[in-house]
Amino acid sequence: INAALKEATDKGIVVVAVDQAVTEPSAYVISNNQEEYAYLGAKWLFQQMGGSGELAILHGVLGSTAEIQRTQGCQDALKENPNIQLVAEDTANWDETEAFTKTQNILTAHPNLKAVFGESDAMAIGAAKAAQQPRSACCACTAKHQPKAARGRGIDLFGRNLVIDPAFPAVFVGCHHVRGSQHLD
């Protein structure tokens, strides 16, 4: 893919790669420490849960680097929160619709479920939509949840959770480039 990115940037096209293993130096690359990001998101979610309650995890594509690292980050946060009980895990393959269906099934099996940790924004949105159904007191969170940095830049699905649009960093870089700034503050 690097050759195609180089060809595009040589033609003056601004290329922004988000969460991809791109090494082309002419492309803007926006990525993060997936494990730390998931750890911080899970830690925040567990605080919203009051430090106790039943949790489900929706995994991305099993075996993918992001899924492995985000699972590890959540597991690390779980180790620090012994009153959070992991009662269900399923894979929703980064897909909102699949996450909605899987969360409905989890909520049926675990009526006291307090939260779902979705390893992607799309899955958190699907889980949140399922949680909006009558009966649910469940909260959903994405691995990319950053409450301070993203305030006002997400959507509040049911009064308790901010889900971040994953395209925000790319839009930010694009706006900086259009304005002629080479520095990203």
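Residues numbered from 1 in each chain as written. Predicted model: local features only at pLDDT ≥ 70, side-chain atom pairs only at ≥ 80, totals over all residues. Heavy atoms only, no water.

**Q** Talk me through the packing of helix α2 (residues 34-48) against helix α3 (residues 65-79); I want residue IDs and the actual numbers.
**A** Put simply, α2 and α3 touch, their axes get as near as 7 Å, and they point 40 degrees apart. Here α3 runs oblique to α2, going by the angle between their axes. Every pair of crossing elements has a handedness; the one defined by α2 and α3 is right-handed. Touching Gln-34, Glu-35, Ala-38, Tyr-39, Ala-42, Lys-43 and Phe-46 of α2 are Ala-66, Gln-69, Arg-70, Gln-72, Gly-73, Cys-74, Asp-76, Ala-77 and Leu-78, all from α3. (Axes fitted to C-alpha atoms, helices over the stretch in contact; angles between N-to-C directions. Helix = DSSP H or I, 4+ residues; strand = E, 2+ residues; numbered from the N terminus. Parallel < 35°, antiparallel > 145°, perpendicular 65-115°, else oblique. Left-handed = near helix turned anticlockwise from the far one by under 90°. Contact = heavy atoms within 4.5 Å.)

**Q** Now, about α2: what can you tell me, with residues and values included?
**A** Taking 1.5 Å as the rise per residue, α2 with 15 residues should run 21 Å; its terminal C-alpha atoms sit 21 Å apart, in good agreement. Taken as a whole, α2 has its buried residues at Gln-34, Tyr-37, Ala-38, Tyr-39, Gly-41, Ala-42, Trp-44, Leu-45 and Phe-46. With a side-chain oxygen lying 3.1 Å from the backbone nitrogen of Glu-35, the N-terminal cap of α2 falls on Asn-33. Immediately beyond the C-terminal end of α2, within one or two residues, lies Gly-50, with a positive phi of roughly 75 degrees. (Expected span 1.5 Å × (residues − 1). Buried < 20%, exposed > 50% of the residue type's maximum accessible area, 1.4 Å probe, protein only. Polar contact = N/O pair within 3.5 Å; in protein donor to acceptor, adjacent residues only side chain to side chain.)

**Q** Explain the environment of Glu-80 to me, using residue names and the numbers behind them.
**A** In this structure, Glu-80 sits in the loop between α3 and β4 (84-91). Note on Glu-80: relative accessible area 47%, which makes it partly exposed. Distance in space between the C-alpha atoms of Glu-80 and Gly-51 is 10.0 Å, their sequence separation being 29 residues.

**Q** Summarise the pairing of strand β5 (residues 113-118); cite the residues concerned and give the values.
**A** Of all six residues that make up β5, five are buried, and the element is covered over most of its length. Summarising the sheet, strand β3 (residues 53-59) and β5 pair through five bridges and their orientation is parallel. Each residue of the ladder has a partner; that of Ala-56, found in β5, is Val-116. (Pairing = 2+ DSSP bridges.)

**Q** Can you explain the pairing of β4? Please cite residues and give values.
**A** Alignment of β3 against β4, held across seven bridges, turns out to be parallel. When the bridges of β4 are listed, Gly-53 appears paired with Ile-84. Once you follow β3 into α3 and on to β4, the crossover reads as right-handed. (Right-handed = clockwise from strand over helix to strand, strands pointing away.)

**Q** Tell me about the pattern of salt bridges, and name the residues and values.
**A** One pass over the structure, following the stated rule, counts six salt bridges. Its salt-bridge partner being Asp-90, residue Lys-102 comes within 3.2 Å of it at the nearest N-O pair. Of this pair, Lys-102 sits in helix α4 (residues 96-109) while Asp-90 sits in strand β4, and the two are 12 residues apart along the sequence. Classification of Asp-90 by relative accessible area gives partly exposed; the value is 27%. Lys-129 is the salt-bridge partner of Glu-96, the closest N and O atoms lying 2.5 Å from each other. Taken together, the residues Glu-96 in helix α4 and Lys-129 in helix α5 (residues 121-131) connect sequence positions 33 residues apart. You can call Glu-96 partly exposed: its relative accessible area is 27%. Lys-129 gets classed as partly exposed once you look at its relative accessible area, which sits at 34%. (Salt bridge = Lys/Arg side-chain N within 4 Å of Asp/Glu carboxyl O.)

**Q** Can you break down the side chain of Gln-34 residue by residue, with the values?
**A** Along the chain, Gln-34 falls in helix α2. Among the polar contacts listed, one links the side chain of Gln-34 to the side chain of Arg-70, at a separation of 2.6 Å.

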